[in-house]
Structure formats: structure tokens, C-alpha cells
Amino acid sequence: MSNEPIVRLLSPLSVSSDMADFDPEQFEDKYANYFPELQQAYKNAFNRMNDQYDSELVHAIDQQVLNESEPFYEGDGEFRVELPDDPYERLTGVLVDQERFEQVLEIHVEEIEAELQRVFGFA
């Protein structure tokens, strides 16, 4: 399995952080309308996490859990990332106790939500 983060699907992109570009209705079809911004938010969060936590665990979370996550716009500049069922059960190739995994995953999700706010001009 590659150690490249799942978010590196395209070459690095410049993303506008002008809030006027964000339309909540357009976010319902987020992958068609905001794919570069979503990619940038996930990549920024991944890079920050990879600098601060065990890189094997961060890579495993990125490739085996977050690749199936779904970001949602909640309104008032707030985003939520929904995780797939049983995220710990998806983890392979890394030995980590469930408590540590859940701590790092929670922080990673918070980083993604903060990056979504930043990329879309709410922070």
C-alpha cells in the first residue's frame, strides 16, 4: 500500500478562500462543485497531523477511514465530517490500541473541520 495520502488525487491546487464563492446549496453536490477545496482541506489537515503524530497511524487513518468519510455543511460556517461505521475495525497494518486510535482520529476530524472552515473563508 502506498504511503501517499488519499487526498493527493490531483496536483497541488491554489484554492480561493473568498467566502463569496461558497454556496451552501452547491455544497450538496460537493464533489462536482467543490472538489479542489475539499481536497485542499483534507490535505492540509493530513499534513498537520503527519507532522504531529505517528505517521504510520496518520497514513492508515487517512487511507482506511477518512477515504470513506463524508463532509457536510451544517450552516453558520460550521462543517461536520461523518465517518464510516466501525472505523477501528477498518484499520489494518498498524498496531495501536483502540483508545489511542480514537484520540488521534478525533483530532484529525477536528483538523479537517477547521480546514474546511478556513478553505471556504469562514475562519
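Below, the discussion takes up the packing of helix α3 (residues 35–52) against helix α6 (residues 98–119). Taken N-terminus to C-terminus, the directions of α3 and α6 make an angle of 135°; their axes are 8 Å apart at the nearest point. In terms of axis orientation, α3 runs oblique to α6. As α3 runs across α6, the sense of the crossing is right-handed. Seen from α3, the contacting residues are E37, L38, Q40, A41, Y42, N44, A45, F46, R48 and M49; seen from α6, they are V104, I107, H108, E111, I112, E115, L116, R118 and V119. Class assignment of the residues belonging to the contact of α3 with α6 gives a composition of eleven nonpolar, three polar and five charged.

Take the packing of aromatic side chains next. Applying the stated rule across the entire model yields 15 aromatic pairs. Seen in terms of ring centroids, F22 and Y73 are 4.8 Å apart; in terms of plane orientation they differ by 65°. Their pairing is edge-to-face. With a gap of 51 residues between them, F22 in the segment before α1 (24–27) and Y73 in strand β1 (residues 70–75) connect regions that are remote in the sequence. On the basis of relative accessibility, which here comes to 10%, the residue F22 falls in the buried class. An angle of 90° between the planes, with centres 5.2 Å apart, marks the rings of Y34 and F120 as edge-to-face. Residue Y34 is located in the loop between α2 (30–33) and α3, and its partner F120 is located in the segment after α6; the two are separated by 86 residues in the primary sequence. Note on Y34: relative accessible area 6%, which makes it buried. An aromatic cluster is present here, built from F22, F27, Y34, Y73, F79, F120 and F122 joined pairwise through their rings. The residue whose ring lies beneath K30 is F72, and the NZ or CZ to ring-centre distance is 4.7 Å.

Cut-off values and rules
- Residues numbered from 1 in each chain as written.
- Predicted model: local features only at pLDDT ≥ 70, side-chain atom pairs only at ≥ 80, totals over all residues.
- Heavy atoms only, no water.
- Axes fitted to C-alpha atoms, helices over the stretch in contact; angles between N-to-C directions.
- Helix = DSSP H or I, 4+ residues; strand = E, 2+ residues; numbered from the N terminus.
- Parallel < 35°, antiparallel > 145°, perpendicular 65-115°, else oblique.
- Left-handed = near helix turned anticlockwise from the far one by under 90°.
- Contact = heavy atoms within 4.5 Å.
- Nonpolar A, V, L, I, M, F, W, Y, C, P; charged D, E, K, R; others polar.
- Phe/Tyr/Trp six-rings, centres within 6.5 Å; stacked < 30°, edge-to-face > 60°.
- Buried < 20%, exposed > 50% of the residue type's maximum accessible area, 1.4 Å probe, protein only.
- Lys NZ or Arg CZ within 6 Å of the ring centre and 35° of its normal.

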